[in-house]
Amino acid sequence: MTSRNSYHHGDLRQAVLAAALDAIAAEGPGSLSLRDLARRAGVSHAAPAHHFKDRTGLLTAIAAQGYELLADALAGAPELSERGVRYVRFAVDHPAHFTVMFQPELLRADDPDLLAAKDRASAELRAGVTDLKNAPDVRTAGIAAWSLAHGFATLLLTRNLDDPVGDRDPGEVFRSLTGSMFPPPTA
């Protein structure tokens, strides 16, 4: 048990979330159990249920936390391409959150914290496309931009881009990719 996972008279909720994120990063969300998380966090087997009720509640809390972290990462990005770079970096820095966030079948879709966090992240994503000058349909441009960033991040996390990316910074590779596909308009 690592010191990150071991609960010592601190914030039990955060200790269980940290243990869950470690477990998801190592084994995926399918193998997650509250009993195992209690063991990893060094607490009684009933402790996680006190905060999350059940596995779905825990995964929903992880997704809500992930959307908040994503919104924070995107906030203040000066342009759409930089939002894409930040999206990719978020996925690389928070792979367990990223994995859970986009599996709605694992979550309580009506959870108020999840809905608020998703709304905030969506607003940050949309803010990047509202400034596009040449996009006839901002909504479609937003879907295209999100698809590109999300697809790149997903391929990266599933190790499908190991050879093409190599030891280069994934954010810089993504920036280069979008720059070659969508060169800035010339005057």
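Numbers given to residues run from 1 along each chain, matching the order in which its sequence is written. At least 70 in pLDDT is required for a residue's local features to be given in this predicted model, at least 80 for side-chain atom pairs to be given and counted, and no such filter applies to totals for whole chains, interfaces and linings, which use all residues. Computation of side-chain values covers all heavy atoms of the structure but excludes hydrogens and water.

(A) Main features of the nonpolar core. To qualify as a nonpolar core, a set must consist of buried Ala, Val, Leu, Ile, Met, Phe, Trp, Tyr and Cys residues joined through side-chain atoms within 4.5 Å. Only protein chains enter the accessibility calculation, which uses a 1.4 Å probe; a residue whose area is less than 20% of its type maximum is buried, one above 50% is exposed, and one in between is partly exposed. The biggest cluster of nonpolar side chains holds 48 residues, and the ones touching the most others in it are L32, L37, L58, L59, I62 and F152. F152 has contacts with V88, L161, V165, P170, V173, F174 and L177, leaving out every residue within four places of it along the chain. The contact criterion used throughout is that any non-hydrogen atoms of two residues lie within 4.5 Å.

(B) Spotlight on the side chain of H97. Only DSSP runs of H or I with at least four residues qualify as helices, and only runs of E with at least two residues qualify as strands; both kinds are numbered from the N terminus onward. Here H97 shows up in helix α6 (residues 95–101). Accessibility expressed as a relative area gives 5% for H97, which makes it buried. Nitrogen and oxygen atoms within 3.5 Å of one another constitute a polar contact, given that in protein one can donate a hydrogen and the other can accept it, and given that sequence-neighbouring residues count only through two side-chain atoms. At 2.7 Å, the side chain of H97 and the side chain of Q65 are in polar contact.

(C) How the structure looks around the environment of M181. Tracing the backbone shows M181 in helix α10 (residues 170–181). Residue M181 is classed as partly exposed on the basis of its relative accessible area of 45%. For the pair M181 and D113, spaced 68 residues apart in the sequence, the C-alpha separation amounts to 37 Å.

(D) Main features of the packing of aromatic side chains. Geometry of aromatic contacts follows a simple scheme: Phe, Tyr and Trp rings, the Trp one being its six-membered ring, pair when their centres are within 6.5 Å, and the pair is stacked under 30 degrees between planes, edge-to-face over 60, tilted otherwise. Inspection of the entire model under this criterion finds five aromatic pairs. Their ring planes at 85 degrees and their centres at 5.9 Å tell us that Y87 and F98 sit as a pair that is edge-to-face. Taken together, the positions of Y87 in helix α5 (residues 80–93) and F98 in helix α6 put the pair 11 residues apart, joining distant regions of the chain. Residue class for Y87 comes out buried when judged on its relative accessible area of 1%. Exposure remark for F98: the relative accessible area of 5% places this residue in the buried category. Ring centres of F152 and F174 lie 5.3 Å apart, and the angle between their planes is 55 degrees; on these two criteria the pair is classed as tilted. Of this pair, F152 sits in helix α8 (residues 138–157) while F174 sits in helix α10, and the two are 22 residues apart along the sequence. The burial state of F152 is the same as that of F174; both residues are buried. Within the aromatic cluster, the residues linked to one another by ring pairs are Y67, Y87, F98, F102 and W146.

(E) How the structure looks around the environment of P170. With respect to the helices, strands and loops of the structure, P170 is situated in helix α10. For the pair P170 and V92, spaced 78 residues apart in the sequence, the C-alpha separation amounts to 8.2 Å. Not counting residues up to four positions away in its chain, the partners in contact with P170 are V88, V92, F152, L156 and V165.

(F) Main features of the packing of α8 against α10. The geometry of α8 relative to α10 is characterised by a closest axis approach of 11 Å and an angle of 140 degrees between their N-to-C directions. By the criterion of interaxial angle, the relationship of α8 to α10 is oblique. Read as a crossing pair, α8 and α10 show a hand that is right-handed. Of α10, the residues touching α8 (which contributes L148, A149, F152 and L156) are P170, V173, F174, L177, T178 and M181. Here the residues of the contact of α8 with α10 are counted per class, giving nine nonpolar, one polar and no charged. Lines fitted to the C-alpha atoms define the axes, with helices restricted to the stretch that makes contact. Angles between their N-to-C directions range from 0 to 180 degrees. Throughout this description, any angle smaller than 35 degrees is read as roughly parallel, any larger than 145 degrees as roughly antiparallel, any in the 65 to 115 degree range as roughly perpendicular, and the remainder as oblique. Each crossing is labelled by how the near helix is turned from the far one, with a counterclockwise turn of less than a right angle marking it left-handed and a clockwise turn marking it right-handed. Three residue categories are used. Nonpolar comprises Ala, Val, Leu, Ile, Met, Phe, Trp, Tyr, Cys and Pro, charged comprises Asp, Glu, Lys and Arg, and polar comprises the others, including Gly.

Purely geometric numbers; function is a separate question.
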